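# Reading the structure
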There are 2 protein chains.
Amino acid sequence: MDVVRSNFVELLPKIRNDIKTCDFIAIDTELSGLGQNGNSFFDTLEERYLKIKNSISQYLLIQYGLSCFTKSSTDNSYSCASYNFYIFPYKVPGANNYKDKSFLCQPSALTFLSGHNFDFNKWIREGISYMNLEEEAHLTETLKNKNVSVNTTINDLDSTVRSLNESSSQLVNTNHVPDDQKDFIENFMSGLNDFFNDSTRTKWNVDPCSPYRRKLIFQSVASLNMSGLKLTSCQVTENSSERFISIEKVSAEQKAKEEAQLIDEAVGFTKVVQELIDCKKPIVGHNLLLDMAHTVHHFIGPLPDTLVDFKEMLSELCPYTYDTKLMAKFDSKLDSQFQNTALNDLYNVIQKAPFSNIKAKIINRSDSDEKTSFHNASYDSYITGLIFLNMLHYLSPKNQKSILDSSEFTKFRGKYNLTFSFDLAYLDINKDQKNQERSNVFHLTFPPTWTRSEIYDLLSPFKPGQIGWIDSTSALIALNDVNGVKDIDRVLTIQKNSSVCTIKSYRAFMDEKSPSQVPNSGKRKSNHFDGDKVVETSTPIVKKFKPTPVKPEIKMFAQESDWS
Amino acid sequence: MDVVRSNFVELLPKIRNDIKTCDFIAIDTELSGLGQNGNSFFDTLEERYLKIKNSISQYLLIQYGLSCFTKSSTDNSYSCASYNFYIFPYKVPGANNYKDKSFLCQPSALTFLSGHNFDFNKWIREGISYMNLEEEAHLTETLKNKNVSVNTTINDLDSTVRSLNESSSQLVNTNHVPDDQKDFIENFMSGLNDFFNDSTRTKWNVDPCSPYRRKLIFQSVASLNMSGLKLTSCQVTENSSERFISIEKVSAEQKAKEEAQLIDEAVGFTKVVQELIDCKKPIVGHNLLLDMAHTVHHFIGPLPDTLVDFKEMLSELCPYTYDTKLMAKFDSKLDSQFQNTALNDLYNVIQKAPFSNIKAKIINRSDSDEKTSFHNASYDSYITGLIFLNMLHYLSPKNQKSILDSSEFTKFRGKYNLTFSFDLAYLDINKDQKNQERSNVFHLTFPPTWTRSEIYDLLSPFKPGQIGWIDSTSALIALNDVNGVKDIDRVLTIQKNSSVCTIKSYRAFMDEKSPSQVPNSGKRKSNHFDGDKVVETSTPIVKKFKPTPVKPEIKMFAQESDWS
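Residues numbered from 1 in each chain as written. Chains lettered and ligands numbered in written order. Predicted model: local features only at pLDDT ≥ 70, side-chain atom pairs only at ≥ 80, totals over all residues. Heavy atoms only, no water.

An unreviewed UniProt entry lists chain A under the name Poly(A)-specific ribonuclease RNA-binding domain-containing protein, from Tetranychus urticae.

Below, the structure is given as C-alpha cells:
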C-alpha cells in the first residue's frame, strides 16, 4: 500500500500498531544514488564505513518499504501488512525549520528506478516529510515559543521565489521598515488593531498586495508577539498570481490541535522509524547495511565519526537485524542452495524444494499494488521477508519457537553483508573485527601515464589480480603468486630494476599512513540548531529510545512434510 | 512541442533549419536547483561570477525552451516555432564515455516545478542526452578507434549493477581471466572462431550466462581488435533476468551508419546549442544570465576561471543577447510602464496600451502544448519572445528594419540583469565594469552569539540597512546615515567603545582580502579526457565556432495605429 502525504497522518496509528504487534519486520529502501564510486576493493572496514558515512549524507532515501509479518494465532499461516512510503524533503506549511538542503542524484540510479516504474512525480508531489531527532526537537521548541501561526502554502512558493529575487525582503528587519513602505505598514497596523479589538470579527482579509509587502506584513505581525492570530497567504483567484493575507483569531485549543497535526505531518516518516526502533523486533533486509545507514542518518541523526561508535549505535538502536544476502553466503547449508544471491535469484530458489515456499497473505493490498514488482521498496521488503521465513523453516524445520535464539540464528544476528571487497565478507556490529593481514597485497607507485596494462606487464611473473586505484600514480594490487616471506622478497626486487616504480607491502603502506587518514578515535558529534548558527554537541541521541528488552521470538509452526 | 529521446533525431534537421532561418530566438531553461544560497548582497561582479560558476557546475539544466520567431514575408505578422526539450544525462547504449556524474537537486526547485506540472517521469525516461565539446570529441575519437561495437541496453542496467556488486568483473583484465573461468572463455573463443570463419553465418546467439561471464565475453572480444563484430546483450524472455549475448557480423557501411546515429543521439541537445551559437542570431531571454551560464557549461565546456574571460567567451559565442528583465528596468520609457518585472507581470502589461499586443502564431503546436503555462521552458521562451517583440515595436514604432542597430537597442545588447545585489544592476559583457565604491558599506566583526538584532542595536544611530553575512562573526552592512568622511569617522568610534566588535570601511576590507580569495587572472582551463585520467589543457574551445558575421537584423513592420 502506497503511503503518501495525503494519507500518512490518517494511516500512522495503524502503521504503528502493525509494527508493535507483528513478529518481524522486513525493510527495503530506494535511494537517489549509491554514490559508491570511491569504494576500493582494499578498503579497511573503517575506511569503508567513512566512505559510506560521507556518501549517504549527500543522497536521499526516496522510498521506504516496510513489511510487518505476523504468524496467525489460529493456523499455520503468516500474514503481512506491507507499506510503501514515498519520502521527500518538502516544506510543510508552518514548519519554519525547513532547510531546503540540496541533495545528490545519480543519473544511473534514476534511470534504473524509472525502468522499474518508480513514479518521480508522485515522489515530489506526494512524498512524506521527515526530519532527524534534533530537527524535530527544534521544531517543537519553536512552535512552543511562537505566538502567531503563519501559514504559507506550496502555491505561494512562486511568489516567494520572485520576492527573494526581486526585493531585499529577506534582509528587512521589521524595526527598520524602508521609508517608502512606512505608510503602508502603519496603515496595516492600524487596521490590525481595529480587527483585534472588535470582538465581533474573527477573520480579516487584507487587501491584495505585492509579495514584498506580504513579507513585511508577516514580519511585522510576528514581531508583535501577540498570541491567537493565524496568517494565511491566499490566492485572489485560482489562476491569478495576485495574493492577499487572511488573518484569523484562533483559540489556544485550536492552536494546540493545529500544532499537533503540523508536527505529525512535518516529523512525518521519522515517526515510523521511531516506532521501528522502539519495538526492538527483528529487522530483516537484503544487503542491509546501506538501508540501515540511511535510516539512521536521515531519521535519527548524523552517523558517528568512527566505526566503533557506529557499531555501538546500531546495536543499541536495532540489536536484532538479519541480512538475507549475508545469510545466503555465510551458512554452508544455505550457500549450497544459491548460485547467485541477488534478491530475485533467492526468491526463485526458495519457491522450490528443499525450501517450503511458505507464503504470507498481504492484508492491506491497494490498487497501487497491482503493478508493483522488483525494485519497488514495499515489494522488495515483502520478498525479503518471505526469503527470511523460508530460510528460517529450512534451517530449523523442527523448531516451533524461539528459533532466533538457536545457534543457527544467533550467528547471523547483527552481521551485515559487504560488497565490492577483496576479503571482507561482512560487518559484525557485535564484535571487534581485526584488520586483514593481506600478505599478498602490495602498494605500487608508477608514472602518471601508466594504465592497467603497464602495471599488469610489470608484475606478470607474480600473477597480478585485483587493482585498487588510489590516484593516478599509485594503487594497491593483489599478487596471486606471492605467498610468504620468500615471495615478498622476489617482488621487492622489481624496485631495484626500475627507476620509475616503487613497491612495498600492504602492511608497510598502512603503517606509514598518517592516523588522520584513517580516523578511528574521537566522540560522535552532531549538529544542534540555534537559529542561523550551528553549535556542535555530543548529545547521546540514541539514549532517547527505549532500552533493549528481552530477546524477541519469532513464532513458527511445525514444518509439515506436505507443505508446498 | 515537446522534444524527447524518441523524436529528437528525427526532428533535429527541422529544428536546425528553424534556427537558421528565423529572425530571433527566445530561450528559457528550467534547472534542478538555483543553489544561490551563498549569494551576498555585497558580492562584487567577480565574486558573483565565481559563485555562479561553482553553483551551475553542480546543478542540471533539465528543460530547454527554444522559440524561433520569424516575420512573415507577405504580411505584417510573426510566426514562431517553439520547442520544449527535456534533457537528461542518460547512458546512450554504445556511448562509452558516459560518466554517471551525480548532480544536485534543490527540494524547493523540484516542488516548484512539480507545482507547475513539470513531468519528472518524462524527464528521466525520455530526456535527451547531451555532452560538452570535449566529451563529443572524445566519443567520436573512441568510436573511430573501436573495431567492435558493443551494445548494451537500459534493460541491462539491472544485471550490470548486480554484476558490479557481486563480482570483481570490473577489474578483470582479459589477459588474466580467472582460473575458474578459463575453460568457459576458451570454449567461447573456439565458438567465435567457428562463427567468424563460416561465411554462411551472420548472427550467433551465445548461450545465456551470468552477468559476470557476459562481462568476460565483452572484454575478451574487445581485446581481439577484430573489426566487423557487433555484440548485443538480450533478454531471454521479456520478464526474465536471464540474458544472452548476440553477436552479429556488420559491414563497414552499416557500422558507419550506426555510429553516425549513435553520435547524433549521444551528442543530443548539444547539436541544437551548436546551431544556436553558429547562427549568430539575436538571443532573447528573461533574466538571462543563469540560462546562458548553464548553456555554456553543459553544452560547450567548463566556464573560465575569471569574469573577464567569461565575458570574452560570451561575446564570442553569443554576441547578440537581449535580456527582457534588464530592458524593463534599464530603459526609462519601459521602466515607467512596469510595476514588477516578473515574466507574467510584463506579459500582462504588453497586452494593453501603450503596447500593441503583437502576437506570433505558433506553427508547430502539438497535443502536449495544450496544458502548458508559465514555468514550462517552451511557454516561457515564447512569452519572452512576445515581450521582446512588443518592447521593440513600442520603442521604435517607426522603424521597419535594422532596429537592433538603433541606439535604443544597442544599449541593451550583451547586458544581463543581476538579482540580489546591493548596487549592481547588470553584467555588461562588452564593457570593463569597475567595482563599486560602496562608501556607506562597512565590515563588522562581532561575537558568535550575536544575531541581526544585536548588530542593528549597535549601529542604530546610523540607520543600518542590508546585511551580507560572511560567517558567524563577520558581515558587511550598509549604513543609510553615513555619507562622506565625517560620518565614517563617527562610525569608527564604535570600535573604541566596544571590546568585542571591530568595524572598518568596505574599501579597507577589500584591500586586505588576499588576492587568492578573488582570483582575477589566469587562463581558462578545461578537462581533456584520457581514459581514466584527466589531463589539463587550455584548448580554445570557442574557436571551433564560426566567427561573428555582420550584425543581424530583425525584420519589423511599420507600426499601425489600429494594431491592437
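There is more to say after this.
## Quick notes on the overall build of chain A
If you tally the helices and strands in chain A, you get 20 helices and 20 strands. Residue burial in chain A is summarised as follows: out of 564 residues, 55% are buried. Sequence-distant contacts, at least 24 apart, represent 75% of the contacts inside chain A between residues at least 6 apart. Within the structure as shown, chain A displays about 24,600 Å² of accessible surface, and the carbon and sulfur contribution to it stands at 49%. (Helix = DSSP H or I, 4+ residues; strand = E, 2+ residues; numbered from the N terminus. Buried < 20%, exposed > 50% of the residue type's maximum accessible area, 1.4 Å probe, protein only. Contact = heavy atoms within 4.5 Å. Areas by Shrake-Rupley, 256 points an atom, 1.4 Å probe, with all protein chains shown as cover.)

## Some remarks on the packing of aromatic side chains
All names here are of chain A. What the rule picks out here adds up to 56 aromatic pairs over all chains. Seen from their ring centres, Phe 120 and Trp 123 are 6.1 Å apart, and the 80° between their planes marks the pair as edge-to-face. Taken as a pair, Phe 120 and Trp 123 lie in helix 4 (residues 120-126) at a separation of 3 residues, close to a single helical turn. With respect to class, Phe 120 is no different from Trp 123; both count as buried. With 6.3 Å between their ring centres and 10° between their planes, Phe 446 and Trp 450 make a pair best called stacked. Look at Trp 450 and you get buried, because its relative accessible area is 15%. Chaining the aromatic ring pairs together yields one cluster made of Tyr 64, Tyr 83, Phe 85, Tyr 130, Phe 269 and Phe 299. For Lys 249, the ring lying beneath its charged end belongs to Phe 195, and the centroid distance is 4.7 Å. (Phe/Tyr/Trp six-rings, centres within 6.5 Å; stacked < 30°, edge-to-face > 60°. Lys NZ or Arg CZ within 6 Å of the ring centre and 35° of its normal.)

## Quick word on helix 16 (residues 377-395) of chain A
Residue and element names in this part refer to chain A. Between its first and last C-alpha atoms helix 16 spans 27 Å; for 19 residues at 1.5 Å apiece the expected length is 27 Å, and the two agree. The buried fraction of helix 16 amounts to 18 of the 19 residues, a majority that puts the element mostly inside the structure. Sitting at the amino-terminal end of helix 16 is Asn 376, which places a side-chain oxygen 3.0 Å from the backbone nitrogen of Ser 378. (Expected span 1.5 Å × (residues − 1). Polar contact = N/O pair within 3.5 Å; in protein donor to acceptor, adjacent residues only side chain to side chain.)

## Focus on the nonpolar core
Residues Phe 85 of chain A together with Phe 85 of chain B are the most contacted members of the largest nonpolar core, which totals 153 residues. In this structure Phe 85 of chain B touches Val 3, Phe 8, Ile 15, Ile 62, Gln 63, Tyr 64, Leu 66, Ile 128, Phe 269 and Val 272 of chain B, once residues within four positions along its chain are discounted. Leu 326, Leu 334, Ile 350 and Phe 409 of chain B belong to the second-largest nonpolar core, a separate cluster that totals 34 residues. (Core = buried A, V, L, I, M, F, W, Y, C linked by side-chain atoms within 4.5 Å.)

## Considering the pairing of strand 4 (residues 78-86) of chain A
The side chains of a regular strand alternate, residue by residue, between the two faces of the sheet. Residues and elements named next belong to chain A. In terms of burial, strand 4 is largely enclosed, as 8 of its 9 residues are buried. Relative to strand 4, strand 1 (residues 2-3) runs parallel, the two being bridged by 2 bridges. Note on strand 4: the bridge partner recorded for Val 3 is Phe 85. Sheet topology places strand 3 (residues 61-71) next to strand 4; 9 bridges connect them, and they run antiparallel. Across the sheet, residue Ser 67 finds its bridge partner in strand 4, namely Ser 82. (Pairing = 2+ DSSP bridges.)

## Topic: the side chain of Arg 438 of chain A
Residues and elements named next belong to chain A. Checked against the element boundaries, Arg 438 lands in the loop between strand 14 (426-428) and strand 15 (441-445). Within the structure, the side chain of Arg 438 is placed 3.1 Å from the side chain of Tyr 506, a separation counted as a polar contact. Contacts of Arg 438, omitting those with residues within four sequence positions, involve Phe 41, Phe 42, Asp 43, Thr 44, Ser 421, Phe 422, Asp 423, Leu 424 and Tyr 506.

## Looking at the packing of helix 11 (residues 289-299) of chain B against helix 12 (residues 307-317) of chain B
Residues and elements named next belong to chain B. Put simply, helix 11 and helix 12 touch, their axes get as near as 12 Å, and they point 85° apart. Between helix 11 and helix 12, the angle is such that the two are roughly perpendicular. For the pair formed by helix 11 and helix 12, the contact residues are Leu 289, Met 292, Ala 293 and Val 296 on the first element and Phe 310, Met 313, Leu 314 and Leu 317 on the second. Residue composition of the contact of helix 11 with helix 12, grouped by class: 8 nonpolar, no polar and no charged. (Axes fitted to C-alpha atoms, helices over the stretch in contact; angles between N-to-C directions. Parallel < 35°, antiparallel > 145°, perpendicular 65-115°, else oblique. Nonpolar A, V, L, I, M, F, W, Y, C, P; charged D, E, K, R; others polar.)

## Some words on the pairing of strand 15 (residues 441-445) of chain B
All names here are of chain B. Counting buried positions along strand 15 yields 4 of 5 residues, so the element is predominantly enclosed. Relative to strand 17 (residues 474-479), strand 15 runs antiparallel, the two being bridged by 5 bridges. Looking at strand 17, one finds that Val 441 is bridged to Ala 478. Taken together, the 4 bridges between strand 15 and strand 18 (residues 502-505) define a ladder with antiparallel strand orientation. Looking at the pairing, His 443 lines up with Lys 504 of strand 18.

## As for the sheet that holds strand 16 (residues 464-471) of chain A
Residues and elements named next belong to chain A. The strand order across the open sheet built from 4 strands is 16-17-15-18, with neighbouring strands paired in antiparallel fashion. Only two strands of the sheet have a single partner each, and these edge strands are strand 16 and strand 18 (502-505). Taking each pair of neighbouring strands and ignoring which way they run, the sheet shows an average axis angle of 25°.

## Looking at unusual backbone geometry
Looking along the chain, the bond that leaves Ala 353 of chain A and enters Pro 354 of chain A is cis, with omega of 10°. Phi is positive for Lys 463 of chain B, which is not a glycine, with a value near 50°. Along the polypeptide, Lys 463 of chain B turns up in the loop between helix 18 (452-459) and strand 16 (464-471).

## A closer look at the pattern of salt bridges
Residue and element names in this part refer to chain A. Enumeration over the complete set of coordinates arrives at 34 salt bridges over all chains. Across the salt bridge formed by Lys 51 and Asp 43, the nearest N and O atoms sit 2.6 Å from each other. The class for Asp 43 is buried, based on a relative accessible area of 3%. In this structure, the salt-bridge partner of Glu 512 is Lys 504, at a minimum N-O distance of 2.9 Å. Look at Glu 512 and you get exposed, because its relative accessible area is 53%. One network of salt bridges, in which partners are shared, links Arg 16, Lys 20 and Glu 275. (Salt bridge = Lys/Arg side-chain N within 4 Å of Asp/Glu carboxyl O.)

## Quick look at the environment of Gln 261 of chain A
All names here are of chain A. Turning to its location among the elements, Gln 261 is positioned in helix 9 (residues 252-267). Taking the relative accessible area as the measure of exposure, Gln 261 reaches 46% and is therefore partly exposed. Through-space distance from the C-alpha of Gln 261 to that of Val 9 is 8.0 Å; in sequence the pair is 252 residues apart.

## So, the sheet that holds strand 16 of chain B
Residues and elements named next belong to chain B. Spatial strand order, 16-17-15-18: 4 strands in an open sheet with antiparallel pairing. Where the open sheet ends on each side, the last strands, each with one partner, are strand 16 and strand 18. Each strand of the sheet is rotated relative to its neighbour by a mean of 25°, with strand direction disregarded. By the bridge criterion, 5 bridges tie strand 16 to strand 17 in an arrangement that is antiparallel.

## With respect to the packing of helix 1 (residues 5-21) of chain B against helix 10 (residues 270-279) of chain B
Helix packing geometry: the angle between the two helix axes and the distance between the axes. Residues and elements named next belong to chain B. At a closest axis distance of 10 Å, the pairing of helix 1 and helix 10 adopts a crossing angle of 10°. One finds that helix 1 runs roughly parallel with respect to helix 10. Between helix 1 and helix 10, the contacting residues are Phe 8, Leu 12, Ile 15, Arg 16, Ile 19 and Lys 20 on the first element and Lys 271, Val 272, Glu 275, Leu 276 and Cys 279 on the second. Residue composition of the contact of helix 1 with helix 10, grouped by class: 7 nonpolar, no polar and 4 charged.

## Describing the confidence of the model for chain A
Residues and elements named next belong to chain A. Mean pLDDT over chain A stands at 81; residues scoring 70 or higher make up 79%. Taking the mean pLDDT of every element in chain A, the minimum, 35, falls on helix 6 (residues 157-166) and the maximum, 98, on helix 4. Segment residues 518-543: pLDDT under 50, and 59 contacts once partners within four positions in sequence are set aside and those in other chains are kept. When the criterion is pLDDT under 50, residues 557-564 qualifies, and its contacts beyond four places in sequence or with other chains add up to 22 contacts. (pLDDT = per-residue confidence, 0-100.)

## What about helix 2 (residues 45-56) of chain A?
In this model helix 2 of chain A runs 16 Å from its N-terminal to its C-terminal C-alpha over 12 residues, within 8% of the 16 Å that 1.5 Å per residue would give. Regarding helix 2 of chain A, the residues found buried are Leu 45, Glu 46, Glu 47, Arg 48, Tyr 49, Ile 52, Ser 55 and Ile 56 of chain A.

## Focus on the environment of Ser 79 of chain A
Residue and element names in this part refer to chain A. Mapped onto the secondary structure, Ser 79 falls in strand 4. Ser 79 gets classed as partly exposed once you look at its relative accessible area, which sits at 22%. It is 4.6 Å that separates the C-alpha atoms of Ser 79 and Lys 361, two residues lying 282 residues apart in sequence. Ignoring sequence-local partners within four residues, the contact set of Ser 79 consists of Cys 68, Phe 69, Thr 70, Ala 360, Lys 361 and Ile 363.

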